Every structure is written in structure tokens, then in C-alpha cells.
Amino acid sequence: MNCLEERIVKDGIVKEGNVLKVDSFLNHQMDIELFDRMGAEFKARFAEKPINKILTIEASGIGIACVVAQHFHVPVVFAKKSKSINLEGEMLVAEVESFTHKCSNRVIVAKKFLGPDDHVLIIDDFLANGCALQGLIQIVQSAGATVEGIGIAIEKGFQAGGRMIRNLGFQLESLAIVESMDARTGEIVFREQ
């Protein structure tokens, strides 16, 4: 069992509706030492790729993406969920449905931050149905950039997202894949990797 799986077992809470609450260390309060270990692991898994940008989506992916970017020595770009007065110029836009928030968002990246010369590693905290990833892939492809890989902290292996993204031919690396979880008992079973 890796350090992320151990932390999920120790501090994660399984809720009804296939919700895994990891806000004490991953996506509300953040354990930066754990993030650093995760960043090193993503660097090892994508070491052969010519990555020059990390892309994530606000808000929960930003912390992890920033630490991963330190290991690659590249900038982070994050897709915004709403247009602000600070955004100017041409935009890359995708429609994304959120499993957690049960809503649809338009995500936006300024075109000046992604272009044909970019080799992108997409990073996010969770993968359930794959909607957020599909939106980020669409943005990268709209920019004429290359998706070099996708790194996920926690994948819900019992949902379709991971299988769908892998079937599209992308290198998808998830640090912890939850095979099943039971809200009644709190039990979490991980896929062997």
C-alpha cells in the first residue's frame, strides 16, 4: 500500500452516494509533504515525456498541480470555472459536469497560456466519471497542444471515467484507485497496481 492509500484509509471518510471525503489532507486542508511525495511519483511516471506545462481545474486540483510543477520545473495553468474581469483576449472554453457538485460549469483558459508548442500534463485530485478530464483534454486539443499524460491523485475505479480516458489512448496514472467503498462500514478496497 502506498502512502496516499495509507492516508486515505487513516483519514478518509466514506459517505453515502459514492463520496470519499478527504478534505482533511487533500482538497480543503492540504498536506504539502504528502503532495511532495505525490509530485515525485508523478515525475517518475512521466519522466520520459517532454512536459512543459501542467494543466488543472480550479479549485481542488491547484494545490497538487503546483507541487507537481515544482518537480517538473514548469508553470501551472488552471482552468477557471467562471469568467472574471481579469480574463482578456481569446479564450479556450469547455463544458464540464461535476460529480461532486452535481452541476455543469464552463471552464475557461486564456488562449495565450496554451499553444501548439505546449506538451501538457493534466493533474487533478479526483477522477470519477471523467467529465472534468474530457473538458481539459478538449481545451488542450483546441489550443493545438499535446496531452502528454494525465495524473490523478484518487481514481474511483468502480466508475467509468478511468476506463473511458484510457480507451481514448491517454497515459493515465492514478496514485490510488479505489475499487470499492462501503459507507456503512467505512471499508475502502484499492486496486492493486
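Cut-off values and rules
Residues numbered from 1 in each chain as written. Predicted model: local features only at pLDDT ≥ 70, side-chain atom pairs only at ≥ 80, totals over all residues. Heavy atoms only, no water. Pairing = 2+ DSSP bridges. Helix = DSSP H or I, 4+ residues; strand = E, 2+ residues; numbered from the N terminus. Axes fitted to C-alpha atoms, helices over the stretch in contact; angles between N-to-C directions. Contact = heavy atoms within 4.5 Å. Salt bridge = Lys/Arg side-chain N within 4 Å of Asp/Glu carboxyl O. Buried < 20%, exposed > 50% of the residue type's maximum accessible area, 1.4 Å probe, protein only. Arc of directions from axis to C-beta. Polar contact = N/O pair within 3.5 Å; in protein donor to acceptor, adjacent residues only side chain to side chain. Disulfide = S-S within 2.5 Å. Parallel < 35°, antiparallel > 145°, perpendicular 65-115°, else oblique. Left-handed = near helix turned anticlockwise from the far one by under 90°. Nonpolar A, V, L, I, M, F, W, Y, C, P; charged D, E, K, R; others polar. pLDDT = per-residue confidence, 0-100.

**Remarks on the sheet that holds strand β9 (residues 172-181)**
Stage number 1. Read from one edge to the other, the open sheet built from six strands follows the order β4-β3-β7-β8-β9-β10, with strand pairing classed as mixed. Of all strands in the sheet, those bounded by a partner on one side alone are β4 (76-79) and β10 (188-190). Across the sheet, the axes of successive neighbouring strands diverge by a mean angle of 25 degrees, strand direction being ignored.
Stage number 2. Where helix α1 (residues 3-11) meets the sheet, it contacts β8 (146-156), β9 and β10, and its direction lies at approximately 30 degrees from that of β9.
Stage number 3. In the packing of helix α3 (residues 60-72) onto the sheet, the strands contacted are β3 (53-57), β4, β7 (119-127) and β8, and the crossing angle to β3 comes to about 170 degrees.

**A short note on the pattern of salt bridges**
Stage number 1. In the structure shown here, the tally under the stated rule is 11 salt bridges.
Stage number 2. We note a salt bridge from R7 to D11, for which the minimum N-O separation is 2.6 Å. Here R7 and its partner D11 are both found in helix α1, four residues apart, which amounts to about one turn of the helix.
Stage number 3. Among the residues examined, D11 registers a relative accessible area of 23% and is labelled partly exposed.
Stage number 4. In this structure, the salt-bridge partner of R7 is D31, at a minimum N-O distance of 2.5 Å. Of this pair, R7 sits in helix α1 while D31 sits in the loop between β2 (19-21) and α2 (32-45), and the two are 24 residues apart along the sequence.
Stage number 5. A single network of salt bridges, built from pairs that share partners, joins R7, K10, D11 and D31.

**Digging into α1**
Stage number 1. Of all the residues in α1, the buried ones are L4, E5 and I8. Seen from one end, α1 has its buried residues packed into an arc of 100 degrees, which puts them on one side.
Stage number 2. Two or three places before L4, at the opening of α1, N2 has a side-chain oxygen 3.0 Å from that residue's backbone nitrogen.

**Some words on the state of the cysteines**
Stage number 1. Within the structure shown, the criterion is met by zero disulfides.
Stage number 2. Looking at the unpaired C3, the closest cysteine sulfur is the one in C66, lying at 19 Å.

**What about the packing of α2 against α3?**
Stage number 1. Two elements in contact, α2 and α3, have axes whose closest approach is 8 Å; the angle formed by their N-to-C orientations is 55 degrees. One way to sum up the angle between α2 and α3 is to call them oblique. The element α2 and its partner α3 pack so that their crossing is right-handed. Contact residues: α2 offers F35, D36, M38, G39, A40, F42 and K43, while α3 offers G63, I64, V67, V68, H71 and F72.
Stage number 2. Here the contact of α2 with α3 is built from residues that sort into eight nonpolar, three polar and two charged.

**Overview of the confidence of the model for the protein chain**
Stage number 1. Per-residue confidence for the protein chain gives a mean pLDDT of 91, with 92% of residues at or over 70.
Stage number 2. Mean pLDDT across the elements of the protein chain ranges from a minimum in strand β5 (residues 91-98), with 81, to a maximum in β8, with 97.

**Concerning the pairing of β9**
Stage number 1. Of all 10 residues that make up β9, eight are buried, and the element is covered over most of its length.
Stage number 2. Pairing geometry for β8 and β9, over six bridges, is parallel. Its bridge partner being in β9, I152 is matched across the sheet by S174.
Stage number 3. When β9 meets β10, the two strands line up antiparallel, connected through three bridges. Note on β10: the bridge partner recorded for S180 is V189.
Stage number 4. Between the end of β9 and the start of β10, which pair antiparallel, lie six residues, with G186 showing a positive phi angle near 80 degrees.

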